[in-house]
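Structure at a glance
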Amino acid sequence: MESKHNQSDEQLIGPLSRRRFIQGSSALMAVPFLASKSVASLPTDPSVIPTKNISTQDNERVVSTCSSFDCGGKCDIRAHVKEGVVTRISTRPDADLDEEMPIMRACVRGRSYRKFVYHPNRLKYPMKRVGKRGEGRFERISWQEATSLIASEWQRITDQYGPASRFVSLSTGVTGGIFSGANMLRRLFNLTGGFLENYHSVSNGNTMAVTPYTYGTSASGSTLDTLEDTPLVILWGHNPNETIFGHTNHYFQKMKKNGTKFIVVDPRYSDTASSLADQWIPILPTTDNALMDAMMYVIISENLHDQAFIDKYTLGFDEHQMPEGVAENESLVAYLMGKKDGIAKTPEWAEPITKVPAETIKQLAREYASTKPAALMQGWGPQRHICGERSARGATLLATITGNVGVRGGWAAGYGMAVTPDLRKTIAGPSLFENQVKAKINITNWVQACENAALVTPDNGLKNAEKLDTEIKMIFSLAGNYMTNQNPDILHAAQVLEDENKVEFIVCSDLYLTPSAKYADLLLPETSFLERWNIGGTWGPGDYIILSEKVIEPEFERRSDYDWLCDVADKLGVGEQFSEGRTEKQWIEYLVNDAHVKRPEDGIPTFDELLVKRRHLLKHKPHTGHVAFEKNIQDIEAHPFETPSGKIEIFSKRLYDRNNRDIPALSHYVPAIEGPEDSLTLRYPLQLITWKGRNRANSTQFANPWLQEVQRQELWINPIDAKQRGIADGERVTVSNDRGTTMVPVKITQRIMPGVVALQAGAWWMPDEKGIDQGGCANVLTSARSTAMAYGNAHQTLLVEVSKV
Ligand SMILES: Nc1nc2c(c(=O)[nH]1)N[C@H]1C(S)=C(S)[C@@H](COP(=O)(O)OP(=O)(O)OC[C@H]3O[C@@H](n4cnc5c(=O)[nH]c(N)nc54)[C@H](O)[C@@H]3O)O[C@H]1N2
Ligand SMILES: Nc1nc2c(c(=O)[nH]1)N[C@H]1C(S)=C(S)[C@@H](COP(=O)(O)OP(=O)(O)OC[C@H]3O[C@@H](n4cnc5c(=O)[nH]c(N)nc54)[C@H](O)[C@@H]3O)O[C@H]1N2
Ligand SMILES: [Mo]
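Notes on the structure follow. (Residues numbered from 1 in each chain as written. Chains lettered and ligands numbered in written order. Predicted model: local features only at pLDDT ≥ 70, side-chain atom pairs only at ≥ 80, totals over all residues. Heavy atoms only, no water.)

Examining the overall build of the protein
Our working definition: Think of it this way: any DSSP run of H or I at least four residues long counts as a helix, any run of E at least two long counts as a strand, and we number them from the N terminus. Buried residues are those whose accessible area, probed at 1.4 Å on protein chains only, stays under 20% of the maximum for their type, while exposed residues exceed 50% and partly exposed ones sit between those limits.
Broken down by element type, the protein carries 25 helices and 27 strands. Relative to its 805 residues, the protein shows a buried fraction of 66%.

Here it is as structure tokens:
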């Protein structure tokens, strides 16, 4: 269910369903708030957090608001507004913090918003391309010209190629809110025949697609409060210290204080490792399954597995528990003991593959299996790999054989978010109308679909059709930087976009002239979140919403996407149907009030409660105490798992029948293409990974001068690898492979293991005259290859060489 979205995962509401507004069973709990001195009156409704519009001296208004970026959390930021100008950003005061509303205080990014919004380089006027596409030269035009051009190209391209030639580029810049230009664009497309939709979340689509093969659903996450008494947590490629993930850090810090042991498995000594971990286990990227296999080998051969749990709830553990129609020696035990291939998956086998010492593997396996309960939690870095489906599912097998599924304090691994109604989907969904174009492409297919429709087939991601009838001829990228920067293999994407005979019309809206915006034919300056209305919601089990209030007037000729879309709709003759006479603010009011009435169970407030009472920050139904699969484990007869067998499937007959080496029926180690065992290492001996760093959300805020000071864009390299190449700390180096080259300073550090180098994701692509990137943008090197089953993105799997300039 979770993996089958009808709308584009990423663009409709952001990577769907991972940051849920969660429905709890308990009634609203009273909020033991601490009134701060500046709050005039106490709220009568206990679910209302008293944070609002605090007036202080000098006519300063302090507005509690939030951004609508896709940044991992949703913080309560306070805009200090004086005479129409934001003079300062602060955050929720310590005095307001409590268990019910633990944190979401602004991080370094939130505190720097003023420099993002008031940056002199912000786009000011609509502009039309002059010169060749991609050169980045534009001239100012009027909004009248801009909207007429869109309407005429819209009509021309639709008449000539049909609605399936129209595409909305991936854009997460405002998916932290319920309302976005990209969604209203979808509405306008649907009113005029439809468009080519995409599916698959580039954030977590591989794990979302594969987790159901074990559990029948991807909703394998519990609420974090249930980990309170967990003695051991293994964070596997998970870095919430930087990636936030809703309230995760609040709970982890509390657990740490109470004595929980944390182990981090990551090629990098991440900020989470440095701030939280008792032990860091570096591992070569793409080899996680080998470590998992060897752990399972140790656990089973030392009889540390939970046999009773396995007997009762699972399929495929040993030869006695196999489904019909499967050859001999395909079970987990048979695989681990080498019954078929003659290779026992011992720690000594895994050590040279993973570079994790055999002794460490044994210790980790014993500790995980003998600590009850224990939580193995995966981030999404390891699943944004070519083997991402395997590594995500591999951990579900470990959780299963140790009996950590469906028990309080354990963790089922895999996708790791809970199933809950998503407030933003609830609110925004109905306004989109139905798309008449039924074919859908995987997001990984979009460049192919621009290049040559025949390249996209059901075997590489096309859904609901045998072939595409047309190439993509018109692209709108509203609040995204995915046309080049964030997409893998930028140089290829750029080459396709440069050909004006392929895509004929490209519209971009942004706040900045980003590397993707350079490819626009028409570049539109949008308002920022401080200049328009929205409602923001958090990731994961954060049970609150924040009104994102318009606190300042837009300057220059900046307009919201919705605003100019209304003009376009008028010009297309569907103005009335499109807007239903509503302004942006009225839409938000309408949508939230509608959800309030239609979904009383979600506790969604009315707009008035948010605004007129001037409290802005509202908890709806609190969500705690949820343990994934608890019902199934308590009574498997009444609540079978939603898999074909009704059990937890260690062995998946569905995957067996696919007969694909890269997505085996048991999720075990298979050497990855461009992994450490690939012969390509002879030319490109280093694996490169990226990570999501603290100073920006993807590429958003790249240009913010304060945030550029927080963390430099540099290549992490181990002293051993640097020495071999005669590289000195801070030196500018070349990082290259067959796809591209980037130049960037190095940071020589033991925080990255030998054989691996790392770049923070999201740096702007800055090609020089020779096409060599000068900005340290990893995506000039990354591969657009897609995963075996989900046809998903694999931004993290690539080989490079690093050399002195
Ligand atoms: N500060 C900040 N926070 C963000 C974002 C941001 O840009 N900046 N982006 C947000 C978004 S859109 C998303 S989708 C989430 C993403 O959240 P994640 O996908 O979880 O974040 P990543 O940093 O990509 O990966 C997490 C960790 O995986 C490690 N890793 C990489 N490859 C491997 C591997 O093969 N094996 C193992 N064991 N570990 C590996 C990385 O070193 C990293 O520390 O974060 C969100 N939060
Ligand atoms: N190498 C590598 N690449 C990756 C990843 C990785 O881990 N490694 N992660 C992938 C993931 S998980 C994701 S989600 C994608 C994200 O890729 P994108 O969705 O492209 O996200 P951003 O790079 O943040 O681009 C958002 C753009 O919106 C603009 N923006 C912000 N606010 C507004 C607004 O109010 N209006 C308008 N019009 N524009 C606005 C910002 O300036 C920015 O240019 O990147 C993917 N790319
Ligand atoms: Mo993401």
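Points about the sheet that holds strand β22 (residues 686-691)
Stated formally: Two strands are counted as paired when DSSP detects at least two bridges linking them. To define axes, lines are fitted to C-alpha atoms, for helices over the stretch in contact only, and angles between the resulting N-to-C directions are given on a 0 to 180 degree scale.
On the basis of which strands lie adjacent, the closed barrel formed by six strands has the order β22-β26-β23-β25-β24-β27 and mixed pairing. On average, each strand axis in the sheet is inclined to that of its neighbour by 45 degrees, with strand direction left out of account. For strand β23 (residues 715-717) and strand β25 (residues 741-748), the ladder comprises three bridges, and the chain directions are parallel. Paired with W716 across the strands is K747, a residue of β25.

Some words on the packing of aromatic side chains
Where we set the bar: Under the pairing criterion, centres of Phe, Tyr and Trp rings, with the six-membered ring standing for Trp, must be within 6.5 Å; the plane angle then separates stacked pairs below 30 degrees from edge-to-face pairs above 60, leaving the rest tilted.
Per the stated rule, a full pass over the model turns up 30 aromatic pairs. Look at Y113 and F529: their rings are 4.9 Å apart centre to centre, the planes differ by 70 degrees, and that puts the pair in the edge-to-face class. Here F529 lies in the loop between β17 (522-525) and β18 (534-537) and Y113 lies in helix α2 (residues 113-117), a separation of 416 residues in the sequence. Grouping aromatic residues by their ring pairs yields a cluster made of F69, Y113, F116, Y512, F529, F702 and W764.

Regarding the sheet that holds strand β10 (residues 261-265)
Formally: Whether two residues are in contact is decided by their heavy atoms, any of which lying within 4.5 Å being enough.
Reading across the sheet, the four strands line up as β11-β10-β9-β13 and stay open at both edges, with parallel pairing between neighbours. With partners counted over all chains shown, the strands left at the sheet margins are β11 (279-281) and β13 (374-378), one partner each. The sheet shows a mean angle of 15 degrees between the axes of neighbouring strands, direction not considered. Across three bridges, the pairing between β10 and β11 is parallel. Looking at the pairing, V265 lines up with I281 of β11. The strands touched by helix α7 (residues 248-257) within the sheet are β9 (232-236), β10 and β13, with β10 carrying the most contacts at an inclination of about 125 degrees.

Looking at the site of ligand 1
To be explicit about the condition: One heavy atom within 4 Å of a molecule or strand is enough for the residue carrying it to be called near that molecule or strand. Polar contact is defined as a pair of N or O atoms within 3.5 Å, subject to the rule that within protein one atom must be able to donate a hydrogen and the other to accept it, and that residues adjacent in sequence are counted only when both atoms are side-chain atoms. Only the protein chains shown count as cover for residues, and the accessible areas themselves come from Shrake-Rupley with a 1.4 Å probe.
Taken together, 36 residues lie around ligand 1, and D266, R384, G693, R696 and N698 are the ones closest in. Backbone polar atom of T286 to an oxygen atom of ligand 1: 3.2 Å apart, as the coordinates give it. Take G381: an N or O atom from its main chain is 3.1 Å from an oxygen atom of ligand 1. Burial of ligand 1 by the protein chains amounts to 99% of its free accessible area of 910 Å². Those elements giving two or more residues to the shell around ligand 1 turn out to be α6 (240-243) and β22.

Here we look at the site of ligand 2
Condition: Any residue that is not Ala, Val, Leu, Ile, Met, Phe, Trp, Tyr, Cys, Pro, Asp, Glu, Lys or Arg is counted as polar, Gly included; the first ten are nonpolar and the last four charged.
In the neighbourhood of ligand 2, 32 residues make up the surrounding shell, with N481, D510, E526, S699 and T700 lying closest. Within the side chain of K692, one N or O atom sits 2.7 Å away from a nitrogen atom of ligand 2. Its free accessible area being 920 Å², ligand 2 has 98% of it covered by the protein chains. Across the shell around ligand 2, the residue classes break down as nine nonpolar, 16 polar and seven charged.

Overview of the packing of helix α9 (residues 288-301) against helix α12 (residues 347-354)
The test is simple: By the definition adopted for this analysis, an angle is roughly parallel if under 35 degrees, roughly antiparallel if over 145, roughly perpendicular if from 65 to 115, and oblique otherwise. In this scheme the crossing of two helices becomes right-handed for a clockwise turn of the near helix relative to the far one and left-handed for an anticlockwise turn of less than a right angle.
It is at 9 Å that the axes of α9 and α12 come closest, and there the two elements cross at 165 degrees. Between α9 and α12, the angle is such that the two are roughly antiparallel. Crossing of α9 over α12 shows left-handed handedness. Contacts between α9 and α12 involve A290, L291, D293, A294, Y297 and V298 on the former and, on the latter, P347, W349, A350, I353 and T354. A breakdown of the residues in the contact of α9 with α12 according to their chemical character gives nine nonpolar, one polar and one charged.

What to know about the packing of α9 against helix α13 (residues 358-370)
Running from N to C, α9 and α13 cross one another at 65 degrees; their axes reach a closest spacing of 9 Å. Crossing of α9 against α13: the hand is right-handed. Across the interface between the two elements, L291, A294, M295, V298 and I299 of α9 pack against I361, K362, L364, A365, R366, Y368 and A369 of α13. Grouping the amino acids of the contact of α9 with α13 by side-chain chemistry returns ten nonpolar, no polar and two charged.

A word on helix α18 (residues 561-571)
Listed in full, the buried residues belonging to α18 are D561, Y562, W564, L565, C566, V568 and A569. Where α18 terminates, the next one or two residues include G573, which has phi positive at roughly 80 degrees.

Some thoughts on the pattern of salt bridges
The line we're drawing: Throughout this description, the term salt bridge denotes a Lys or Arg side-chain nitrogen within 4 Å of a carboxyl oxygen of Asp or Glu.
In this structure the tally under the stated criterion is 44 salt bridges. D662 serves as the salt-bridge partner of R661, at 2.8 Å between the closest nitrogen and oxygen. A relative accessible area of 52% means that R661 is categorised as exposed. Among the charged side chains, a network of salt bridges with common partners joins R129, R133, E500 and D521.

Section: helix α17 (residues 490-498)
Turn by turn, an α-helix covers 3.6 residues, leaving residues three or four places apart pointing in a common direction. Put simply, the rule reads: Our arc is simply the arc of the directions from the helix axis toward the C-beta atoms.
Restricting attention to buried positions, one finds in α17 the residues I490, A493, A494, V496 and L497. All buried residues of α17 fall inside an arc of 160 degrees around its axis, so they share one side. Where α17 is buried, its residues meet α16 (446-451), β15 (474-478) and β16 (505-510).

Topic: the nonpolar core
Quick note on the threshold: By nonpolar core we mean a set of buried residues, namely Ala, Val, Leu, Ile, Met, Phe, Trp, Tyr and Cys, connected to one another through side-chain atoms within 4.5 Å.
Ranked by internal contacts, the top residues of the largest apolar core, which has 58 residues, are I234, L291, M295, L332, Y368 and I401. Counting residues per element, this core draws most heavily on α9, at ten residues. Those residues within four positions of M295 in sequence are excluded, and the remaining contacts are W236, I361, L364, A365, Y368 and L398. Grouped together as the second largest cluster of nonpolar side chains are 54 residues, V202, M483, L497 and A722 included.

A word on the pairing of strand β2 (residues 61-65)
Every other side chain in a regular strand lies on the same face of the sheet, so the side chains alternate between the two faces. Among the five residues in β2, four count as buried, and that is most of the element. For β2 and strand β3 (residues 77-82), the ladder comprises five bridges, and the chain directions are antiparallel. Opposite T65, over in β3, you have I77 as the bridge partner.

Some details on the pairing of strand β4 (residues 85-91)
The pairing of β3 with β4 spans six bridges and is classified as antiparallel. The residue bridging H80 from the neighbouring strand is R88, located in β4. Connecting β3 to the next strand, β4, in antiparallel fashion are two residues, including E83 with a positive phi near 45 degrees.

Comments concerning unusual backbone geometry
It is generally the case that most residues other than glycine have a negative phi and that most peptide bonds are trans. P373 follows K372 through a cis peptide bond whose omega is -15 degrees. Relative to the assigned elements, P373 resides in the loop between α13 and β13. Here the phi dihedral of K355 falls at roughly 70 degrees; this positive angle occurs in a residue that is not glycine. Here K355 lies in the loop between α12 and α13. Positive phi, close to 50 degrees, is recorded for E580, a residue that is not glycine. For E580, the location among the structural elements is in the loop between α19 (575-579) and α20 (584-598).

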